[in-house]
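Topology and contacts: notes
Residues per chain are reported as follows:
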Amino acid sequence: MKHIQTLNGATLKASAAKGGCGECQTSCQSACKTSCTVANQKCENQ
Amino acid sequence: MVHTFTALGQYLAADVNSGAVHVLDKLTYDLLSLIPGPMGETLPPELAEQLPQYDRRELEEGWRELLELQDGGLLFTDDTYLDPEAAMALPRAAVVKALCLHVSHDCNLRCRYCFASTGDFGTGHRMTMTPETAKRAIDWVVAKSGKRRNIEVDFFGGEPLMALDTVKQTVEYARSLEKEHDKVFRFTITTNGVLLDDDTIDYINREMSNVVLSMDGRREVNDHMRPTVNGKGSYDVIVPKFQKLVAGRGTKDYYVRGTFTRDNLDFSADVLHLGDLGFRHVSVEPCSGPADDPFAIRKEDLPQVEEEYEKLARLLMERRDINFFHFNVDLAQGPCVIKRLRGCGAGCEYVAITPDGEIYPCHQFVGKEEYRMGNVFDGSFDMEISGRFADQNIYTRPACRECWARFYCSGGCSASNLLVNGDITKSNEVACEMERKRLECAIALNAIAAGMGEAPYTERDNTACNQCGACAAEEKSNI
(Lines give C-alpha, C1' and ligand atoms only; values in the text may rest on other atoms or scores of the structure.)
Protein backbone atom coordinates (compact mmCIF):
# COMPACT_ATOMS: atom_id res chain seq x y z
CA MET A 1 0.00 0.00 0.00
CA LYS A 2 1.15 3.50 -0.79
CA HIS A 3 -0.67 5.41 1.93
CA ILE A 4 -1.05 2.97 4.82
CA GLN A 5 1.15 0.64 6.84
CA THR A 6 -0.47 -1.89 9.16
CA LEU A 7 1.30 -1.95 12.50
CA ASN A 8 -0.86 -4.68 14.00
CA GLY A 9 -3.35 -7.14 12.54
CA ALA A 10 -6.59 -8.48 13.93
CA THR A 11 -4.87 -10.07 16.90
CA LEU A 12 -7.66 -9.30 19.33
CA LYS A 13 -10.20 -11.13 17.25
CA ALA A 14 -7.85 -14.08 16.84
CA SER A 15 -7.33 -14.30 20.61
CA ALA A 16 -11.02 -14.93 21.22
CA ALA A 17 -10.76 -18.48 19.92
CA LYS A 18 -8.40 -19.86 22.56
CA GLY A 19 -8.44 -17.24 25.30
CA GLY A 20 -10.08 -17.05 28.68
CA CYS A 21 -8.07 -19.59 30.68
CA GLY A 22 -7.69 -17.09 33.53
CA GLU A 23 -4.14 -18.13 34.46
CA CYS A 24 -2.68 -14.70 33.71
CA GLN A 25 -1.61 -12.10 36.23
CA THR A 26 -4.23 -9.90 37.85
CA SER A 27 -3.63 -6.55 36.22
CA CYS A 28 -3.80 -4.48 39.39
CA GLN A 29 -1.07 -6.58 41.02
CA SER A 30 1.65 -5.72 38.51
CA ALA A 31 2.56 -2.18 39.46
CA CYS A 32 -0.34 0.16 39.39
CA LYS A 33 -2.66 -0.55 42.33
CA THR A 34 -4.73 2.46 41.32
CA SER A 35 -5.15 2.59 37.57
CA CYS A 36 -5.61 -0.14 35.04
CA THR A 37 -3.91 -0.87 31.80
CA VAL A 38 -4.54 -4.45 30.86
CA ALA A 39 -2.94 -4.35 27.42
CA ASN A 40 0.53 -4.41 28.96
CA GLN A 41 0.00 -7.76 30.65
CA LYS A 42 1.51 -11.00 29.46
CA CYS A 43 -0.48 -14.02 28.28
CA GLU A 44 0.45 -17.21 30.14
CA ASN A 45 -0.11 -19.30 27.03
CA GLN A 46 2.36 -17.56 24.73
CA MET B 1 -15.56 1.64 15.83
CA VAL B 2 -12.39 3.24 14.46
CA HIS B 3 -10.35 5.75 16.45
CA THR B 4 -8.17 8.10 14.41
CA PHE B 5 -5.65 10.17 16.31
CA THR B 6 -2.29 11.88 16.17
CA ALA B 7 0.50 11.46 18.68
CA LEU B 8 4.25 12.08 18.48
CA GLY B 9 3.78 13.35 14.94
CA GLN B 10 2.18 10.10 13.78
CA TYR B 11 -1.18 9.69 12.02
CA LEU B 12 -2.79 6.59 13.44
CA ALA B 13 -5.97 4.54 13.38
CA ALA B 14 -7.05 1.87 15.84
CA ASP B 15 -9.76 -0.53 14.77
CA VAL B 16 -11.25 -1.10 18.18
CA ASN B 17 -12.88 -4.49 17.85
CA SER B 18 -10.24 -6.35 15.84
CA GLY B 19 -7.21 -4.85 17.59
CA ALA B 20 -5.73 -3.76 14.25
CA VAL B 21 -3.64 -0.59 14.22
CA HIS B 22 -2.68 1.33 11.09
CA VAL B 23 -0.11 4.01 10.45
CA LEU B 24 -1.56 6.45 7.93
CA ASP B 25 -0.31 9.31 5.83
CA LYS B 26 -1.97 12.71 6.18
CA LEU B 27 -4.35 12.09 3.29
CA THR B 28 -5.76 8.79 4.52
CA TYR B 29 -5.86 10.18 8.06
CA ASP B 30 -7.96 13.14 6.96
CA LEU B 31 -10.14 10.88 4.83
CA LEU B 32 -10.69 8.18 7.46
CA SER B 33 -11.47 10.81 10.11
CA LEU B 34 -14.50 11.83 8.04
CA ILE B 35 -15.84 8.29 7.45
CA PRO B 36 -18.56 7.54 10.02
CA GLY B 37 -18.92 3.81 9.50
CA PRO B 38 -18.55 0.90 7.09
CA MET B 39 -17.40 2.02 3.64
CA GLY B 40 -19.04 1.50 0.28
CA GLU B 41 -17.24 0.58 -2.93
CA THR B 42 -16.58 4.13 -4.13
CA LEU B 43 -15.52 7.44 -2.64
CA PRO B 44 -18.66 9.52 -1.95
CA PRO B 45 -18.45 12.86 -3.83
CA GLU B 46 -19.47 14.82 -0.74
CA LEU B 47 -16.44 13.46 1.14
CA ALA B 48 -14.11 14.52 -1.67
CA GLU B 49 -15.64 17.98 -1.52
CA GLN B 50 -14.75 18.24 2.15
CA LEU B 51 -11.09 17.64 1.29
CA PRO B 52 -10.40 20.11 -1.52
CA GLN B 53 -6.71 20.24 -0.63
CA TYR B 54 -6.20 16.75 -2.10
CA ASP B 55 -6.22 15.55 -5.69
CA ARG B 56 -9.37 13.53 -6.43
CA ARG B 57 -7.42 10.58 -7.84
CA GLU B 58 -5.23 10.48 -4.75
CA LEU B 59 -8.33 10.43 -2.56
CA GLU B 60 -9.79 7.57 -4.58
CA GLU B 61 -6.54 5.69 -4.19
CA GLY B 62 -6.65 6.25 -0.43
CA TRP B 63 -10.26 5.11 -0.35
CA ARG B 64 -9.37 1.88 -2.12
CA GLU B 65 -6.59 1.16 0.37
CA LEU B 66 -8.92 1.76 3.31
CA LEU B 67 -11.55 -0.42 1.65
CA GLU B 68 -8.98 -3.19 1.28
CA LEU B 69 -8.40 -3.04 5.04
CA GLN B 70 -12.13 -3.19 5.67
CA ASP B 71 -12.52 -6.18 3.36
CA GLY B 72 -9.63 -7.87 5.17
CA GLY B 73 -11.29 -7.53 8.59
CA LEU B 74 -8.93 -4.78 9.71
CA LEU B 75 -11.21 -1.75 9.69
CA PHE B 76 -14.78 -1.11 10.85
CA THR B 77 -15.05 -4.62 12.27
CA ASP B 78 -17.81 -5.47 14.67
CA ASP B 79 -17.43 -7.50 17.85
CA THR B 80 -20.08 -10.10 17.24
CA TYR B 81 -17.40 -12.79 17.58
CA LEU B 82 -17.45 -12.18 21.31
CA ASP B 83 -19.90 -13.73 23.73
CA PRO B 84 -19.77 -11.39 26.74
CA GLU B 85 -22.05 -13.65 28.80
CA ALA B 86 -19.75 -16.63 28.37
CA ALA B 87 -16.68 -14.48 29.03
CA MET B 88 -18.09 -13.34 32.36
CA ALA B 89 -18.89 -16.86 33.57
CA LEU B 90 -15.58 -17.12 35.39
CA PRO B 91 -15.91 -13.89 37.39
CA ARG B 92 -19.46 -14.85 38.35
CA ALA B 93 -18.17 -18.13 39.72
CA ALA B 94 -15.84 -16.07 41.97
CA VAL B 95 -12.84 -18.32 41.49
CA VAL B 96 -10.31 -16.29 43.46
CA LYS B 97 -6.75 -16.38 42.16
CA ALA B 98 -5.12 -13.28 43.62
CA LEU B 99 -4.83 -11.86 47.11
CA CYS B 100 -3.77 -8.46 48.26
CA LEU B 101 -2.66 -9.50 51.70
CA HIS B 102 -2.64 -6.58 54.12
CA VAL B 103 -0.05 -7.93 56.51
CA SER B 104 0.28 -4.52 58.11
CA HIS B 105 -2.19 -1.76 58.76
CA ASP B 106 0.60 0.40 60.04
CA CYS B 107 3.23 2.46 58.27
CA ASN B 108 6.48 4.23 59.01
CA LEU B 109 5.84 6.99 56.49
CA ARG B 110 3.11 9.63 56.57
CA CYS B 111 2.47 10.17 52.87
CA ARG B 112 0.18 13.11 52.41
CA TYR B 113 -1.86 11.56 49.58
CA CYS B 114 -2.22 8.11 51.16
CA PHE B 115 -5.56 6.47 50.30
CA ALA B 116 -5.09 4.22 53.35
CA SER B 117 -5.04 7.14 55.81
CA THR B 118 -1.28 6.64 56.37
CA GLY B 119 -1.73 2.95 57.02
CA ASP B 120 -4.71 2.31 59.27
CA PHE B 121 -7.32 2.61 56.49
CA GLY B 122 -9.29 5.09 58.55
CA THR B 123 -9.97 2.63 61.34
CA GLY B 124 -7.88 4.36 63.98
CA HIS B 125 -6.32 0.96 64.78
CA ARG B 126 -2.78 0.25 63.64
CA MET B 127 -2.18 -3.48 63.56
CA THR B 128 -0.25 -6.24 61.83
CA MET B 129 -1.51 -9.60 60.59
CA THR B 130 -0.56 -12.65 62.62
CA PRO B 131 1.05 -15.59 60.81
CA GLU B 132 -2.00 -17.67 61.77
CA THR B 133 -4.38 -15.30 60.00
CA ALA B 134 -2.13 -15.20 56.94
CA LYS B 135 -2.06 -19.01 56.81
CA ARG B 136 -5.84 -19.10 56.97
CA ALA B 137 -5.90 -16.67 54.06
CA ILE B 138 -3.65 -19.01 52.09
CA ASP B 139 -5.88 -21.99 52.93
CA TRP B 140 -8.88 -19.93 51.86
CA VAL B 141 -7.42 -18.97 48.46
CA VAL B 142 -6.26 -22.51 47.77
CA ALA B 143 -9.84 -23.66 48.32
CA LYS B 144 -11.38 -20.77 46.37
CA SER B 145 -9.05 -21.02 43.38
CA GLY B 146 -10.59 -24.21 42.04
CA LYS B 147 -8.65 -25.52 39.08
CA ARG B 148 -6.59 -22.34 38.65
CA ARG B 149 -2.95 -23.19 39.03
CA ASN B 150 -1.28 -19.79 39.34
CA ILE B 151 -2.06 -17.90 42.52
CA GLU B 152 -0.73 -14.41 43.23
CA VAL B 153 -0.21 -12.96 46.66
CA ASP B 154 0.82 -9.33 47.05
CA PHE B 155 2.13 -8.41 50.48
CA PHE B 156 0.68 -4.99 51.02
CA GLY B 157 -0.08 -2.51 53.74
CA GLY B 158 0.48 -0.07 55.24
CA GLU B 159 4.08 -1.12 55.11
CA PRO B 160 4.44 -4.90 54.81
CA LEU B 161 8.04 -4.97 56.05
CA MET B 162 6.63 -4.02 59.48
CA ALA B 163 5.28 -7.58 59.47
CA LEU B 164 8.24 -9.37 57.90
CA ASP B 165 7.88 -12.43 60.12
CA THR B 166 4.32 -12.90 58.86
CA VAL B 167 5.54 -12.46 55.27
CA LYS B 168 8.19 -15.15 55.71
CA GLN B 169 5.88 -17.61 57.43
CA THR B 170 3.23 -17.06 54.76
CA VAL B 171 5.65 -17.75 51.93
CA GLU B 172 6.96 -20.89 53.62
CA TYR B 173 3.46 -22.15 54.32
CA ALA B 174 2.17 -21.46 50.82
CA ARG B 175 5.16 -23.20 49.24
CA SER B 176 4.47 -26.25 51.42
CA LEU B 177 1.02 -26.54 49.84
CA GLU B 178 2.03 -26.15 46.19
CA LYS B 179 2.75 -29.76 45.30
CA GLU B 180 -0.18 -31.30 47.13
CA HIS B 181 -2.69 -28.90 45.60
CA ASP B 182 -1.01 -28.41 42.20
CA LYS B 183 -0.63 -24.69 42.71
CA VAL B 184 2.12 -22.21 41.89
CA PHE B 185 2.33 -19.19 44.19
CA ARG B 186 3.77 -15.96 42.86
CA PHE B 187 4.60 -13.42 45.50
CA THR B 188 4.87 -9.68 45.18
CA ILE B 189 5.69 -7.13 47.84
CA THR B 190 4.90 -3.43 47.71
CA THR B 191 7.24 -1.54 50.02
CA ASN B 192 8.31 1.99 50.87
CA GLY B 193 11.83 0.67 51.48
CA VAL B 194 12.48 2.23 54.89
CA LEU B 195 13.07 -1.11 56.64
CA LEU B 196 15.09 -2.76 53.88
CA ASP B 197 18.42 -4.20 54.98
CA ASP B 198 20.79 -6.63 53.28
CA ASP B 199 19.05 -9.75 54.59
CA THR B 200 15.61 -8.48 53.63
CA ILE B 201 16.84 -7.49 50.18
CA ASP B 202 18.25 -10.99 49.67
CA TYR B 203 15.00 -12.51 50.89
CA ILE B 204 12.85 -10.39 48.58
CA ASN B 205 15.06 -11.04 45.58
CA ARG B 206 14.92 -14.76 46.27
CA GLU B 207 11.24 -15.22 47.03
CA MET B 208 9.29 -12.43 45.34
CA SER B 209 8.56 -12.74 41.62
CA ASN B 210 7.77 -9.03 41.54
CA VAL B 211 8.52 -6.13 43.84
CA VAL B 212 6.97 -2.68 43.78
CA LEU B 213 9.23 -0.01 45.27
CA SER B 214 7.38 3.14 46.23
CA MET B 215 8.99 6.52 45.63
CA ASP B 216 7.90 9.58 43.69
CA GLY B 217 10.97 10.81 41.82
CA ARG B 218 12.99 13.95 42.45
CA ARG B 219 14.15 14.45 46.03
CA GLU B 220 12.03 17.54 46.64
CA VAL B 221 8.92 15.93 45.12
CA ASN B 222 9.36 12.71 47.07
CA ASP B 223 10.15 14.35 50.39
CA HIS B 224 7.29 16.82 50.09
CA MET B 225 4.74 14.00 49.78
CA ARG B 226 6.44 11.09 51.54
CA PRO B 227 7.80 12.25 54.92
CA THR B 228 8.68 9.95 57.81
CA VAL B 229 6.66 9.87 61.03
CA ASN B 230 9.01 12.57 62.32
CA GLY B 231 8.38 14.77 59.32
CA LYS B 232 11.77 14.21 57.69
CA GLY B 233 12.26 13.34 54.04
CA SER B 234 12.49 9.66 53.06
CA TYR B 235 14.51 10.04 49.84
CA ASP B 236 17.99 9.69 51.32
CA VAL B 237 16.92 6.67 53.37
CA ILE B 238 15.30 4.68 50.58
CA VAL B 239 17.25 5.45 47.40
CA PRO B 240 20.46 3.53 48.31
CA LYS B 241 18.38 0.59 49.52
CA PHE B 242 16.30 0.49 46.35
CA GLN B 243 19.46 0.69 44.25
CA LYS B 244 20.98 -2.19 46.17
CA LEU B 245 17.82 -4.27 45.79
CA VAL B 246 17.57 -3.61 42.05
CA ALA B 247 21.27 -4.38 41.56
CA GLY B 248 20.64 -7.85 42.98
CA ARG B 249 17.35 -8.40 41.20
CA GLY B 250 18.71 -10.02 38.05
CA THR B 251 15.98 -10.39 35.45
CA LYS B 252 13.15 -10.71 37.96
CA ASP B 253 10.36 -8.17 37.69
CA TYR B 254 10.29 -4.96 39.67
CA TYR B 255 8.80 -1.51 39.35
CA VAL B 256 9.79 1.70 41.03
CA ARG B 257 6.36 3.16 41.43
CA GLY B 258 5.55 6.79 42.14
CA THR B 259 2.52 9.01 42.23
CA PHE B 260 2.22 12.45 40.69
CA THR B 261 -0.14 15.04 42.08
CA ARG B 262 -1.31 18.53 41.16
CA ASP B 263 1.93 19.70 42.80
CA ASN B 264 4.18 18.08 40.16
CA LEU B 265 2.42 18.13 36.84
CA ASP B 266 5.92 18.23 35.33
CA PHE B 267 6.21 14.56 36.27
CA SER B 268 8.29 13.63 33.20
CA ALA B 269 11.22 15.02 35.20
CA ASP B 270 10.45 12.50 37.95
CA VAL B 271 10.37 9.59 35.51
CA LEU B 272 13.71 10.65 34.07
CA HIS B 273 15.14 11.17 37.54
CA LEU B 274 14.21 7.60 38.49
CA GLY B 275 15.96 6.45 35.34
CA ASP B 276 19.01 8.52 36.29
CA LEU B 277 19.08 6.66 39.61
CA GLY B 278 19.48 3.43 37.64
CA PHE B 279 15.92 2.17 37.77
CA ARG B 280 14.83 0.64 34.47
CA HIS B 281 11.23 -0.28 35.24
CA VAL B 282 9.35 2.81 36.27
CA SER B 283 5.71 3.65 36.86
CA VAL B 284 4.62 7.13 37.88
CA GLU B 285 0.85 7.38 38.12
CA PRO B 286 -1.72 10.10 38.68
CA CYS B 287 -3.19 10.78 42.10
CA SER B 288 -6.92 10.07 41.97
CA GLY B 289 -9.64 11.48 44.19
CA PRO B 290 -12.80 13.54 44.49
CA ALA B 291 -12.98 17.14 43.31
CA ASP B 292 -12.05 18.58 46.71
CA ASP B 293 -8.93 16.41 47.09
CA PRO B 294 -6.01 18.85 47.12
CA PHE B 295 -3.65 16.42 45.38
CA ALA B 296 -5.87 14.60 42.85
CA ILE B 297 -5.63 15.50 39.17
CA ARG B 298 -8.63 17.59 38.10
CA LYS B 299 -10.34 18.16 34.80
CA GLU B 300 -8.70 21.57 34.44
CA ASP B 301 -5.27 19.91 34.77
CA LEU B 302 -5.84 17.60 31.80
CA PRO B 303 -4.37 19.79 29.01
CA GLN B 304 -1.11 20.10 30.96
CA VAL B 305 -1.07 16.41 31.92
CA GLU B 306 -1.67 15.33 28.34
CA GLU B 307 1.07 17.61 27.07
CA GLU B 308 3.37 16.16 29.73
CA TYR B 309 2.64 12.58 28.64
CA GLU B 310 3.52 13.48 25.06
CA LYS B 311 6.69 15.22 26.27
CA LEU B 312 7.58 12.13 28.30
CA ALA B 313 7.05 9.86 25.31
CA ARG B 314 9.38 12.00 23.21
CA LEU B 315 12.00 12.02 25.95
CA LEU B 316 11.79 8.24 26.38
CA MET B 317 12.58 7.70 22.70
CA GLU B 318 16.09 8.79 23.68
CA ARG B 319 16.13 6.81 26.94
CA ARG B 320 16.24 3.13 26.10
CA ASP B 321 17.21 2.50 29.71
CA ILE B 322 13.71 3.34 30.97
CA ASN B 323 10.66 1.12 30.60
CA PHE B 324 7.67 3.28 31.52
CA PHE B 325 4.84 1.02 32.70
CA HIS B 326 1.99 2.88 31.00
CA PHE B 327 3.71 3.08 27.62
CA ASN B 328 4.40 -0.64 27.68
CA VAL B 329 1.56 -1.92 25.50
CA ASP B 330 1.98 -5.14 23.59
CA LEU B 331 -0.25 -4.83 20.54
CA ALA B 332 0.36 -8.28 19.11
CA GLN B 333 0.75 -10.66 22.02
CA GLY B 334 -0.95 -9.10 24.99
CA PRO B 335 -3.77 -10.72 26.89
CA CYS B 336 -6.70 -12.34 25.12
CA VAL B 337 -9.84 -10.37 24.39
CA ILE B 338 -11.70 -12.26 27.10
CA LYS B 339 -9.27 -10.98 29.73
CA ARG B 340 -9.60 -7.48 28.31
CA LEU B 341 -13.35 -7.68 28.64
CA ARG B 342 -13.20 -8.51 32.33
CA GLY B 343 -10.67 -6.04 33.64
CA CYS B 344 -8.99 -6.22 37.02
CA GLY B 345 -11.25 -8.86 38.55
CA ALA B 346 -11.72 -7.06 41.87
CA GLY B 347 -14.31 -8.74 44.06
CA CYS B 348 -14.25 -11.88 41.92
CA GLU B 349 -10.81 -13.14 40.94
CA TYR B 350 -8.97 -10.71 43.17
CA VAL B 351 -9.67 -9.68 46.77
CA ALA B 352 -7.94 -7.95 49.65
CA ILE B 353 -7.62 -9.45 53.12
CA THR B 354 -7.12 -7.29 56.20
CA PRO B 355 -4.96 -8.08 59.26
CA ASP B 356 -7.99 -9.50 61.04
CA GLY B 357 -8.95 -11.72 58.10
CA GLU B 358 -11.78 -9.63 56.66
CA ILE B 359 -12.28 -9.85 52.90
CA TYR B 360 -12.87 -6.82 50.65
CA PRO B 361 -13.16 -6.53 46.84
CA CYS B 362 -9.71 -4.94 46.61
CA HIS B 363 -7.23 -2.96 48.70
CA GLN B 364 -8.98 0.32 47.93
CA PHE B 365 -12.29 -0.86 49.40
CA VAL B 366 -10.78 -1.85 52.73
CA GLY B 367 -12.50 -0.07 55.59
CA LYS B 368 -15.69 0.59 53.60
CA GLU B 369 -18.05 -1.51 55.72
CA GLU B 370 -20.74 -1.87 53.05
CA TYR B 371 -18.16 -3.66 50.86
CA ARG B 372 -16.98 -6.17 53.49
CA MET B 373 -17.45 -9.54 51.77
CA GLY B 374 -16.59 -12.07 54.44
CA ASN B 375 -13.85 -13.49 56.62
CA VAL B 376 -11.21 -16.17 56.07
CA PHE B 377 -11.92 -17.71 59.50
CA ASP B 378 -15.55 -18.61 58.89
CA GLY B 379 -15.17 -18.95 55.10
CA SER B 380 -17.96 -16.48 54.42
CA PHE B 381 -17.92 -14.75 51.03
CA ASP B 382 -20.77 -12.48 49.97
CA MET B 383 -21.74 -13.59 46.48
CA GLU B 384 -24.14 -10.66 46.12
CA ILE B 385 -21.28 -8.17 46.40
CA SER B 386 -19.08 -10.38 44.23
CA GLY B 387 -21.88 -10.52 41.66
CA ARG B 388 -22.06 -6.75 41.51
CA PHE B 389 -18.38 -6.63 40.65
CA ALA B 390 -18.68 -9.54 38.22
CA ASP B 391 -21.27 -7.52 36.35
CA GLN B 392 -18.71 -4.79 35.70
CA ASN B 393 -17.26 -5.06 32.24
CA ILE B 394 -16.71 -2.93 29.17
CA TYR B 395 -20.20 -3.67 27.89
CA THR B 396 -22.07 -2.91 31.10
CA ARG B 397 -20.21 0.30 31.99
CA PRO B 398 -21.94 2.99 29.94
CA ALA B 399 -18.85 5.10 29.29
CA CYS B 400 -16.82 2.06 28.17
CA ARG B 401 -19.37 1.07 25.56
CA GLU B 402 -18.62 4.31 23.71
CA CYS B 403 -14.87 4.39 24.33
CA TRP B 404 -12.26 3.41 21.73
CA ALA B 405 -9.78 2.40 24.47
CA ARG B 406 -12.00 -0.21 26.12
CA PHE B 407 -9.99 -3.25 25.04
CA TYR B 408 -6.70 -1.66 26.13
CA CYS B 409 -7.76 -0.51 29.60
CA SER B 410 -10.57 -3.03 30.25
CA GLY B 411 -12.93 -0.72 32.05
CA GLY B 412 -10.88 1.22 34.55
CA CYS B 413 -11.02 1.05 38.32
CA SER B 414 -14.20 0.46 40.33
CA ALA B 415 -12.62 1.98 43.44
CA SER B 416 -11.68 5.12 41.58
CA ASN B 417 -15.23 5.36 40.22
CA LEU B 418 -16.63 5.07 43.74
CA LEU B 419 -14.18 7.61 45.11
CA VAL B 420 -14.93 10.22 42.48
CA ASN B 421 -18.52 9.53 41.42
CA GLY B 422 -19.93 7.56 44.36
CA ASP B 423 -20.77 4.62 42.09
CA ILE B 424 -18.55 1.74 40.94
CA THR B 425 -20.28 1.75 37.53
CA LYS B 426 -19.73 5.45 36.73
CA SER B 427 -16.35 5.91 35.11
CA ASN B 428 -13.93 8.47 36.48
CA GLU B 429 -13.71 10.58 33.36
CA VAL B 430 -10.51 12.38 34.38
CA ALA B 431 -8.74 9.02 34.83
CA CYS B 432 -10.22 7.81 31.53
CA GLU B 433 -8.93 10.83 29.63
CA MET B 434 -5.41 10.32 30.99
CA GLU B 435 -5.57 6.62 30.14
CA ARG B 436 -6.59 7.40 26.57
CA LYS B 437 -3.71 9.83 26.18
CA ARG B 438 -1.21 7.32 27.58
CA LEU B 439 -2.47 4.68 25.16
CA GLU B 440 -2.21 7.02 22.19
CA CYS B 441 1.40 7.72 23.15
CA ALA B 442 2.09 4.01 23.62
CA ILE B 443 0.68 3.11 20.22
CA ALA B 444 2.65 5.92 18.57
CA LEU B 445 5.83 4.67 20.25
CA ASN B 446 5.10 1.22 18.84
CA ALA B 447 4.75 2.71 15.36
CA ILE B 448 8.03 4.63 15.65
CA ALA B 449 9.82 1.57 17.03
CA ALA B 450 8.59 -0.38 14.01
CA GLY B 451 10.13 2.20 11.72
CA MET B 452 6.77 3.31 10.37
CA GLY B 453 5.13 6.66 9.83
CA GLU B 454 6.41 10.18 9.89
CA ALA B 455 9.34 10.00 12.30
CA PRO B 456 12.77 8.76 11.28
CA TYR B 457 13.51 5.13 12.00
CA THR B 458 14.76 4.37 15.47
CA GLU B 459 15.89 1.10 16.93
CA ARG B 460 14.90 2.25 20.37
CA ASP B 461 11.90 0.32 21.52
CA ASN B 462 10.33 1.53 24.75
CA THR B 463 7.12 -0.33 24.32
CA ALA B 464 7.70 -4.03 24.49
CA CYS B 465 9.68 -4.62 27.63
CA ASN B 466 9.30 -8.09 29.09
CA GLN B 467 8.84 -9.42 25.58
CA CYS B 468 11.94 -8.27 23.72
CA GLY B 469 14.52 -10.01 25.90
CA ALA B 470 16.86 -7.00 25.72
CA CYS B 471 17.04 -6.79 29.51
CA ALA B 472 18.32 -10.30 29.84
CA ALA B 473 20.75 -9.96 26.95
CA GLU B 474 22.11 -6.68 28.26
CA GLU B 475 22.51 -7.93 31.79
CA LYS B 476 24.21 -11.07 30.54
CA SER B 477 26.68 -9.02 28.56
CA ASN B 478 27.49 -6.97 31.67
CA ILE B 479 28.44 -10.01 33.72
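Anyway, here's the lowdown on the structure attached to this text. Computed from a prediction, not measured in an experiment: that's the story for all the values here.

1. A closer look at the overall build of chain B
- In terms of helices and strands, chain B carries 19 helices and 16 strands.
- Taking 23 Å as the expected radius of gyration for a compact globule of 479 residues, we find that chain B reaches 24 Å, a close match to that expectation.
- If you line up chain B on its principal axes, its C-alpha atoms span 75 × 45 × 45 Å.
- In chain B, buried positions account for 61% of the 479 residues.
- Surface accessibility of chain B: about 18700 Å² in total, with carbon and sulfur atoms responsible for 49%.
- Between the mean site of the 53 positive side-chain charges and the mean site of the 75 negative ones, chain B shows a separation of 5 Å.

2. A few points about the pattern of salt bridges
All names here are of chain B.
- All chains considered together, the criterion is met by 31 salt bridges over all chains.
- With a closest N to O distance of 3.0 Å, R149 and D182 form a salt bridge. You can see R149 sitting in the loop between α6 (131-144) and β7 (150-156) and its partner D182 sitting in the loop between α7 (164-181) and β8 (184-191), a full 33 residues away along the chain.
- Overall, the relative accessible area of 40% leaves R149 in the partly exposed class.
- Among the residues examined, D182 registers a relative accessible area of 46% and is labelled partly exposed.
- Taking the shortest distance from any N to any O, the salt bridge between E207 and R175 comes out at 3.7 Å. With a gap of 32 residues between them, E207 in helix α8 (residues 198-207) and R175 in helix α7 connect regions that are remote in the sequence.
- Residues joined by salt bridges that share partners form a network here, namely R175, E178, R206 and E207.

3. Concerning the interface of chain B and chain A
- Facing the 82 residues of chain B at the interface are 42 residues of chain A.
- Of the roughly 5300 Å² buried between chain B and chain A, counting both surfaces, carbon and sulfur atoms make up 53%.
- Of all residues in chain B, E65(B), F325(B) and K339(B) give up the largest surface area on contact with chain A, accounting jointly for 11% of the area buried on that side.
- Our count for the contact surface shared by chain B and chain A stands at three salt bridges.
- As a salt-bridge pair, R186(B) and E44(A) come within 2.7 Å of each other at their nearest N and O atoms.
- Summed over the shared surface of chain B and chain A, the number is 28 residue pairs in polar contact (both at pLDDT 80 or more).

4. Section: unusual backbone geometry
Residues and elements named next belong to chain B.
- The omega torsion across G157 and G158 is 15°, close enough to zero to call that bond cis.
- Inspection of the secondary structure puts G158 in the loop between β7 and α7.
- Despite not being glycine, L8 shows a phi value in the positive range, around 50°.
- Looking at where L8 falls in the secondary structure, it is placed in the loop between β1 (2-7) and β2 (10-15).
- Backbone geometry places D182, a non-glycine residue, at a positive phi of 55°.

5. Overview of the sheet that holds strand β9 (residues 210-214) of chain B
Residue and element names in this part refer to chain B.
- Strand order in the open sheet formed by 11 strands is β12-β11-β10-β9-β8-β7-β4-β13-β14-β15-β16, and the pairing between neighbours is mixed. The two strands at the open ends of the sheet, each matched to only one other strand, are β12 (323-324) and β16 (380-381).
- Here four bridges tie strand β4 (residues 98-102) to strand β13 (residues 350-353), and the two strands are oriented parallel to one another. Considered in β13, the bridge of L99 is made with V351.
- Across the sheet, helix α10 (residues 235-247) lies against β8, β9 and β10 (253-260), angled at about 160° from β9, the strand it touches most.
- Relative to the sheet, helix α11 (residues 268-276) contacts β10, β11 (281-286) and β12, its axis offset from that of β11 by approximately 160°.

6. Some details on the packing of aromatic side chains
Residues and elements named next belong to chain B.
- The full count for this structure, using the stated rule, is 16 aromatic pairs over all chains.
- Taking 5.1 Å as the distance between ring centres and 80° as the angle between the ring planes, the aromatic pair formed by Y255 and F325 counts as edge-to-face. Here F325 lies in the loop between β12 and α13 (337-342) and Y255 lies in strand β10, a separation of 70 residues in the sequence. In this pair, the class of Y255 matches that of F325, namely buried.
- Each ring, one from F365 and one from Y371, has its centre 4.8 Å from the other, and the planes form 50°; the classification is tilted. Of the two residues, F365 and Y371, both sit in the buried class.
- Cluster of aromatic residues (ring-pair linked, three or more members): F260, F267, Y309, F324 and F327.

The rules behind these values
- Residues numbered from 1 in each chain as written.
- Chains lettered and ligands numbered in written order.
- Predicted model: local features only at pLDDT ≥ 70, side-chain atom pairs only at ≥ 80, totals over all residues.
- Heavy atoms only, no water.
- Helix = DSSP H or I, 4+ residues; strand = E, 2+ residues; numbered from the N terminus.
- Rg over C-alpha atoms; globule rule 2.2 N^0.38 Å.
- Buried < 20%, exposed > 50% of the residue type's maximum accessible area, 1.4 Å probe, protein only.
- Areas by Shrake-Rupley, 256 points an atom, 1.4 Å probe, with all protein chains shown as cover.
- Lys, Arg positive; Asp, Glu negative; His and termini not counted.
- Charge placed at Lys NZ, Arg CZ, Asp CG, Glu CD.
- Salt bridge = Lys/Arg side-chain N within 4 Å of Asp/Glu carboxyl O.
- Contact = heavy atoms within 4.5 Å.
- Buried area = accessible area lost by both parts, 1.4 Å probe.
- Polar contact = N/O pair within 3.5 Å; in protein donor to acceptor, adjacent residues only side chain to side chain.
- Pairing = 2+ DSSP bridges.
- Axes fitted to C-alpha atoms, helices over the stretch in contact; angles between N-to-C directions.
- Phe/Tyr/Trp six-rings, centres within 6.5 Å; stacked < 30°, edge-to-face > 60°.

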